[in-house]
Amino acid sequence: MSTTAAAASAPQPTGRPLWRRLIGFNLLTAVILGVAGYYVGALIGHTIDGGKSFEYQAATDEYDLALLLGYFGGVVGFLIGLGFANYPISRMLGRPASLREKEEQGIGRYFGLCTDHKVVGIQYLVGIGVFFFVGGLNAMLIRTELLHPVPTFVGPNQYLSIVGMHGTMMMGMMTSGILGPFANYFVPIMIGARRMAFPRIEALTFWLLMAAGFILTSTIFFGGFPTGWTGYAPLNNEAVMGMDSYICFFALVGLSMALLGLNMMATIITMRAPGLTWSRLPIFVWSVFATSVLMVLAAPMLVATLLMAALDRTINTSFFIAGGGGSSYLFENLFWFFGHPEVYILALPGFGIVLELLPVFTRKPLWGYRLAVSGMLGVSLMSFFVWQHHLFVSGINADLRPFYMLSTEIISIPTGFIFMCVMGTLWKARTSFTVPMMFVLAWTFNFLIGGLSGVFLSDTPSDTDTHGSFFVMAHFHYTIMGGLIFAFFAGIYYWVPKMLGLRLNEKLGKVHFWLMFVAFNSTFMPLFALGMEGMPRRVSTYSPALQTLNVWVSISAFVLGLSMLIFLYNVVYSLIFVRKAATANPWNSKAMEWQVPTPVPVNNFEQIPVFDSDPYDYGIPISVGAGQPAAAGA
Amino acid sequence: MSSRPVSSGQLPGEPNHARRFTTIWLIATLIALPLVIFVLGPELPPGNASQQAAGKVTDNTVLLAMATPVLLLVTIYLIYAVIAFRQPAGGALEGPAVRGDSRIQTAWIVITSALVLSLAAYGTVRLEADNGAGSGNGPKPLTVPSGPKLPVQVIAQQWAFTYRYPTYGGVETTHLYLPDNETIELHVTSIDVIHSFWAYQLGVKADANPDVDNVAFVKPTKLGAFDVRCAELCGIWHGYMYDKGHVVTPSEFATWIAQQQKQMAPATKVLPPYSTTYLPEPTRRAE
Amino acid sequence: MGVVWPRLGNKYGVARESGERGDGDLSVFMKKLLAVGGAVVAIGVLIGLYVADWATTQPTAVASSVATPPNSGGTQLTLETVAAIGPKYEPSHPDWVSYLVRKNGQWVHSTIYTVPANSIVHVTVYQYDGDSGLRNPFLSQVQGTVGGTEVVDGKTINSIDPEEASHTFVIPDLGVFVPLPGVAEEAKNQCEFAPCEGAAHRTIEFSFKTGKKGRYRWQCFVPCAAGYLDGFGGPMQTLGYMDGFINVV
């Protein structure tokens, strides 16, 4: 029986008045200290600005340094208010570490610093979900404007800001879209650990992301930013103050990503239960590991690049300004050195979820486990060698282009391994078409289209016509939305019974799936044609001949938004009104996370389990005479 | 585990799925490929208005032809698997416990690697056969076309393209006129932020970076107009940096350029001498 | 059992057995959750409306007025350029350079102008700003106006000294390129903030023809945005200051 000291009994509400309960290190204090921190930072910034070197402040009415320091102060205040400074300070003062953070009960835990990885997982799910919808609403605004070939509803400045916010919000938030909720919640359980390696850092990554999201949305008060999510110099230098929100957002996101990856790697490497060798690791954990390597290595590059951009904007350095001795190429290269691993950070967890769910719903072991692992690690490694394919027509050294064409083509080989594993697992399977399985199959189709269009883009002559056009947009929406987001929903439908102990309505789920799948393809397939017909990205005006196609795409996008609303309705309906309890293992899965009871106990396991096989022990063993290898443990 | 039934890979009465699927896929490919190569191929963008563009139509056809069997393979497989390999309603059957097949895996790796490497090789050949296939090669292109070339400088600024003809007295114009059937050496540069010169029908795209001379080669082969757009976000009017260029006969071009030289003489007088890059004032923050 | 069950709503809501549904049987906690959720949605909708309002805010369009003699036919558009718009017109960006347009005898801060199709538009610009110099001296020559010229302080010219350029009025889609020379540096009584009556200025007049209907953009090409990189940030990139639309109706 568990005898954790703090878990003797669930503490009941003590009857203290509300205002007494609100004092302490919680979200309210965090917001108050965040606002105070903003003003302190801005005050420091204005004081420095008042010096003679920043005459431009008077001419432009812009106070970039004050805003950046204000954001920095705000984030510091916010984190202190949540209680992140308590542990370091108490240790520095020689006091013992407090376990209070994990002991609290009740729903209040979800609104503050909680070191229980399961709570952080659910926080991520809701937090990222909120910003995903914000990004989606931006997309709806974009498609509304694109109904007409001449600018109609949205002013040109605001349009660029909305385009930028959509892309930036999605890229920043969805990089942690699967690692945040699902890896945080399930990796310790999958590997037989009681917690993550660094629980407080885990909570920190979540709150950094929330602060970042708020900062990005605040850009509309400061004039927005005109550069799109790629933030190219020198345009990011010419931009008004809203650009600083972008810089701050991505810096915080980069920090959050690096810490998240670090935590995952440390956990997976050091905290596996006895018997869990690398070859018995669930494929989802492998994908998390491969993603974490990328996060740790690539995210700091982004932070450094943005720091240089911030220095250029505030104290007049010239890293990226040709007139001052710098180079606009430097920004492009630094950004894409991060940017390309970033998109594989988006893709890899999708691979993991798909391969993890397939055995459960096909009742067969995962086909080609080692191949899948080498595919993921191969993608991970190769992703650092391909970034210049974003600069094929930029005027880079012409000798480099065949090399990067080759490396980009080569990276499609490990990506293909995943498809082979999917197809092999489906062979002669007994597939049940539950909602998660349907999302998995849709993923396969979508990522296929995305991947094949990537082959077109990796071919430099073809890329010459499609770079910077809607073809690229279609490609990455197919891989990121068709890939990652579909896998995200597969994960939600699959894992919510374990996370929340409740089932999502299956019928509503199927309606959501079909509407989303059809609308998604209807929205993004024509974009390939639009791109090849010559429509550039990030424009609100286009050739009138392309209007019919654009109207079709916009209407499909509205239907896609409707499918999200249906999902929301399903969530509210199933989780609040119906509340149909889930059994401990509704999918009859052999994976470890389904062998623990629902709800998952606070320390996951009463006793650390001992593993003796991988979680894919499904299927009828084949007799040796038929020429197939018998199913043995890994 | 020991009490589970053991069966061979092929159940009695079950059709030979491998043969069935392969047949369906082969038939589909045999129908689709000729359609793609001969019917769809010639219609593919970017069209035949220049030598580079025509080369890319071929390139796109090859890519599409290689992608079609792969697309059909996976899509037909998915549909086949969804139809043939189902769990009967309410059933709890399991599939065969096969964890891999080294022959299939090796075949897949070899075939995909061969496909991909051959595409990379073909892409390189295509790239250099047309001297960059209309893309911006940077200041030092890998292969330079032989014979006489007409240098035309494209100056990208916020938010319009202007064009300078160094061999015609450095005259600068707001519209791009090119002579037909002559090799044009485009020098694309910017004087402020990153733009991208995209001449759609000619199949030319070259980014304009400040202080960089980005060289692209094109040989127009058809008379007519072509769209010029900016393909790199450069600020508020990025989508409006739209112009129409014209490919005209060499004699019409000579007439036009002479007329421009006369008409734009006051402007030509005050222009800086022709250079592959310009860094006009202010180079930093404006006073 | 000694194990704590950290379940969402454990103390407040009871999960039903599988299959059972409780209509109208919400626990207190669930009702509170719904109320909070509803409040969040309501706030979200308000925020959404605010964002939609922000996104669609543009300067109001000002129509050109009937032309007066000595110009016959067509319409008249009177504009002025000021070095700094001033706190009266724009408290958030008082130091930004800007165009203004005359409407019913008042100066209005707008850059969206409505003109009739297939007609002549006579434009008078009162230039109160000093010169910044063109980045691309090519634009110092007048193009696309009636006669290919402009009248600066009474003198008809077809190009200016590029160093003297203060702003340009360019409608690229109509081929209209008009450089506007600026007030000399040593001129007395220069205008600081709009409105700029009686300060040192130059008067520039030109006319252009409109064709079919449409919405055409116009912009300034001179790096006049003080303090920004290349002089092209801020007001140069914001509708309502140095950029606008010509609605040809």
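Just so it is clear, the structure is predicted and the values come from calculations on it, not from any experiment. (Residues numbered from 1 in each chain as written. Chains lettered and ligands numbered in written order. Predicted model: local features only at pLDDT ≥ 70, side-chain atom pairs only at ≥ 80, totals over all residues.)

### Observations concerning the overall build of chain B
1) Next: For chain B, the helix and strand inventory stands at five helices and ten strands.
2) Next: Relative to a compact globule of 287 residues, whose C-alpha radius of gyration would be 19 Å, chain B shows 28 Å and is clearly more extended.
3) Next: For chain B, the C-alpha atoms occupy an extent of roughly 95 × 45 × 35 Å along the three principal directions.
4) Next: Long-range contacts, defined here as pairs at least 24 residues apart, represent 72% of the contacts in chain B between residues at least 6 apart. (Helix = DSSP H or I, 4+ residues; strand = E, 2+ residues; numbered from the N terminus. Rg over C-alpha atoms; globule rule 2.2 N^0.38 Å. Contact = placed C-beta atoms within 7 Å.)

### Focus on the overall build of chain A
1) Next: Helix and strand counts for chain A stand at 22 helices and zero strands.
2) Next: Counting only C-alpha atoms, chain A reaches 75 × 65 × 45 Å along its principal axes.
3) Next: For chain A, the proportion of its 634 residues judged to be buried stands at 64%.
4) Next: Sequence-distant contacts in chain A: of pairs separated by 6 or more residues, those separated by 24 or more amount to 82%. (Buried ≥ 20, exposed ≤ 12 C-beta atoms within 10 Å, placed from the backbone.)

### Side note on the interface of chain C and chain B
1) Next: Contacts between the two partners involve 25 residues from chain C and, on the opposite side, 25 residues from chain B.
2) Next: Taken together, the residues that form the side of chain C that touches chain B break down as ten nonpolar, eleven polar and four charged. (Nonpolar A, V, L, I, M, F, W, Y, C, P; charged D, E, K, R; others polar.)

### Some points on the packing of helix H7 (residues 117-145) of chain A against helix H8 (residues 156-174) of chain A
All names here are of chain A.
1) Next: The contact between H7 and H8 brings their axes to 9 Å, and the two run at 150°. By the angle between their axes, H7 is roughly antiparallel relative to H8. Pair H7 / H8 crosses with left-handed handedness. In this structure, H7 contributes Ile128, Phe131, Phe132, Val134, Gly135, Asn138, Ala139, Leu141, Ile142 and Glu145 to the contact, and H8 contributes Tyr159, Ile162, Val163, Met165, His166, Met169, Met170, Met173 and Met174. (Axes fitted to C-alpha atoms, helices over the stretch in contact; angles between N-to-C directions. Parallel < 35°, antiparallel > 145°, perpendicular 65-115°, else oblique. Left-handed = near helix turned anticlockwise from the far one by under 90°.)

### Looking at the nonpolar core
1) Next: In terms of nonpolar packing, the biggest core is built from 334 residues, with Ala372, Phe439 and Ala490 of chain A together with Phe197 of chain B touching the most fellow members.
2) Next: When residues of this core are assigned to their parent elements, the largest contribution, 22 residues, is made by helix H20 (residues 470-499) of chain A.
3) Next: With residues up to four places along the chain from it excluded, the contact list for alanine 490 of chain A reads Ile353, Leu357, Pro436, Phe439, Val440 and Trp443 of chain A. (Core = buried A, V, L, I, M, F, W, Y, C linked by C-beta atoms within 7 Å.)

### Section: the interface of chain B and chain A
1) Next: Each partner contributes to the interface: chain B provides 84 residues, whereas chain A provides 86 residues.
2) Next: Those elements that place two or more of their residues in the side of chain B that touches chain A are helix H2 (51-84), helix H3 (102-129), strand S6 (195-199), strand S7 (204-208) and strand S9 (224-230) of chain B.
3) Next: By residue number, the principal contributor to the side of chain B that touches chain A is H2 of chain B, which donates 14 residues.
4) Next: Looking at the side of chain B that touches chain A residue by residue, the classes come out as 40 nonpolar, 28 polar and 16 charged.

### A few points about the sheet that holds S7 of chain B
Residues and elements named next belong to chain B.
1) Next: With respect to topology, five strands assemble into an open sheet ordered S4-S10-S9-S6-S7, the strand pairing being mixed. Both edges of this open sheet fall to strand S4 (177-179) and S7, since each of them pairs with a single strand only. Sheet twist, expressed as the mean angle between neighbouring strand axes with direction ignored, is 25°.
2) Next: Two strands pair when backbone bridges link them, and S6 and S7 are joined in this way by five bridges, in the antiparallel orientation. By the bridge assignment for S7, alanine 199 is matched with valine 204.
3) Next: The strands touched by helix H4 (residues 250-263) are S4 and strand S10 (243-248); relative to S4, the strand with the most contacts, the crossing angle is about 140°. (Pairing = 2+ DSSP bridges.)

### Some thoughts on the pairing of strand S1 (residues 149-157) of chain B
All names here are of chain B.
1) Next: Taken together, the eight bridges between S1 and strand S5 (residues 183-190) define a ladder with parallel strand orientation. The residue bridging glutamine 153 from the neighbouring strand is histidine 187, located in S5.
2) Next: Across five bridges, the pairing between S1 and strand S2 (residues 160-165) is antiparallel. By the bridge assignment for S2, valine 154 is matched with tyrosine 163.
3) Next: With antiparallel pairing between neighbouring strands as the criterion, S1 and S2 make up a hairpin whose turn holds two residues.

### Considering the domain arrangement of chain B
Residue and element names in this part refer to chain B.
1) Next: As assigned here, chain B comprises domain 1 (17-85 + 104-129) and domain 2 (149-270).
2) Next: The centre of domain 1, based on its C-alpha atoms, is set 36 Å off from the matching centre of domain 2.
3) Next: At the interface, nine residues of domain 1 touch twelve residues of domain 2.
4) Next: For the side of domain 1 that touches domain 2, the class distribution of residues is three nonpolar, five polar and one charged. (Domains from an automatic or database assignment.)

### Quick notes on helix H16 (residues 400-410) of chain A
Given 3.6 residues per helical turn, the α-helix brings residues three or four places apart onto the same face.
1) Next: Listed in full, the buried residues belonging to H16 of chain A are Arg401, Tyr404, Met405, Leu406, Thr408 and Glu409 of chain A.
2) Next: Residues of H16 of chain A that are buried sit in contact with helix H17 (412-426), helix H18 (435-458) and helix H19 (460-466) of chain A together with H3 of chain B.

### Overview of the domain arrangement of chain A
All names here are of chain A.
1) Next: Per the domain assignment, the segments making up chain A are domain 1 (22-98) and domain 2 (99-622).
2) Next: Each of domain 1 and domain 2 has a C-alpha centre, and these two points are 30 Å apart.
3) Next: Domain 1 puts 17 residues into the contact, and the matching count from domain 2 is 19 residues.
4) Next: A class-by-class count of the residues in the side of domain 1 that touches domain 2 yields twelve nonpolar, three polar and two charged.

### Examining unusual backbone geometry
Residues and elements named next belong to chain A.
1) Next: Of the consecutive residues alanine 233 and proline 234, the connecting peptide bond is found in the cis state with omega at -5°.
2) Next: Tracing the sequence through the fold places proline 234 in the loop between helix H10 (199-217) and helix H11 (235-238).
3) Next: One non-glycine residue, arginine 538, lies in positive phi territory at about 60°.
4) Next: Mapped onto the elements, arginine 538 comes out in the loop between helix H21 (506-532) and helix H22 (547-578).
5) Next: Arginine 538 sits in the buried class, given 24 other C-beta atoms within 10 Å.
6) Next: Not every positive phi belongs to a glycine, and arginine 579 is a case in point at roughly 50°.
7) Next: By C-beta crowding, arginine 579 is classed as buried, having 24 other C-beta atoms within 10 Å.

### Observations concerning the sheet that holds S2 of chain B
All names here are of chain B.
1) Next: If you trace the five strands from one edge of the open sheet to the other, you get S3-S2-S1-S5-S8, paired in mixed fashion. Edge positions in the sheet fall to strand S3 (171-173) and strand S8 (214-218), since each has one partner strand and no second. Across the sheet, the axes of successive neighbouring strands diverge by a mean angle of 25°, strand direction being ignored.

### Digging into the confidence of the model for chain A
Residue and element names in this part refer to chain A.
1) Next: Summary statistics for chain A give a mean pLDDT of 90 and a share of 94% for residues scoring 70 or more.
2) Next: Per-element averaging of pLDDT across chain A places helix H6 (residues 100-103) at the bottom with 58 and helix H12 (residues 242-270) at the top with 97.
3) Next: Considering only residues more than four positions removed or in separate chains, one finds that residues 1-12, a stretch of pLDDT under 50, has 18 contacts.
4) Next: Throughout residues 625-634 the model reports pLDDT below 50, and contacts reaching past four residues in sequence, or to other chains, amount to 21 contacts. (pLDDT = per-residue confidence, 0-100.)

### Things to note about helix H2 (residues 27-49) of chain A
Residue and element names in this part refer to chain A.
1) Next: Helix length check: H2 (23 residues) gives 32 Å between terminal C-alpha atoms against 33 Å at 1.5 Å per residue, within 8%.
2) Next: What H2 keeps buried is the set Ala30, Leu33, Gly34, Gly37, Tyr38, Gly41, Ala42, Gly45 and Asp49.
3) Next: Looking at the packing, one finds that the buried side of H2 touches helix H3 (56-60) and helix H4 (64-82). (Expected span 1.5 Å × (residues − 1).)

### Some thoughts on the packing of helix H1 (residues 17-40) of chain B against H2 of chain B
Residues and elements named next belong to chain B.
1) Next: At a closest axis distance of 9 Å, the pairing of H1 and H2 adopts a crossing angle of 145°. In this structure, H1 crosses over H2, and the sense of that crossing is right-handed. On H2, the residues that touch His17, Phe21, Ile24, Trp25, Ala28, Thr29, Ala32, Leu33, Val36 and Ile37 of H1 are Thr61, Leu64, Ala65, Thr68, Pro69, Leu72, Leu73, Ile76, Tyr77, Tyr80 and Ala84.
2) Next: Looking at the contact of H1 with H2, its residues break down into 17 nonpolar, four polar and no charged.

### Some words on the pairing of S6 of chain B
All names here are of chain B.
1) Next: Burial of S6 is extensive: five of the five residues sit out of reach of the surface.
2) Next: On S6, burial covers both faces: His195, Phe197 and Ala199 on one face and Ser196 and Trp198 on the other are all buried.
3) Next: In textbook terms, the turn of a hairpin is the stretch between consecutive antiparallel strands, and for S6 and S7 this stretch comprises four residues, one of which, glycine 203, has a positive phi near 70°.
4) Next: Sheet analysis places S6 next to S9, joined by three bridges and oriented antiparallel. Within S9, the residue paired with tryptophan 198 across the bridge is arginine 229.

### As for the environment of lysine 88 of chain C
Residue and element names in this part refer to chain C.
1) Next: Within the fold, lysine 88 resides in helix H2 (residues 86-89).
2) Next: Residue classification places lysine 88 among the exposed residues on the basis of 11 C-beta atoms within 10 Å.
3) Next: A C-alpha to C-alpha distance of 8.5 Å links lysine 88 and proline 195, two positions 107 residues apart in sequence.

### What to know about the environment of alanine 582 of chain A
All names here are of chain A.
1) Next: Relative to the helices and strands, alanine 582 resides in the segment after H22.
2) Next: On the neighbour-count criterion, alanine 582 (20 C-beta atoms within 10 Å) is buried.
3) Next: Through-space distance from the C-alpha of alanine 582 to that of isoleucine 315 is 58 Å; in sequence the pair is 267 residues apart.
4) Next: Apart from residues no more than four positions distant in its own chain, alanine 582 is found in contact with Pro497, Gly501, Leu502, Arg503 and Thr598.

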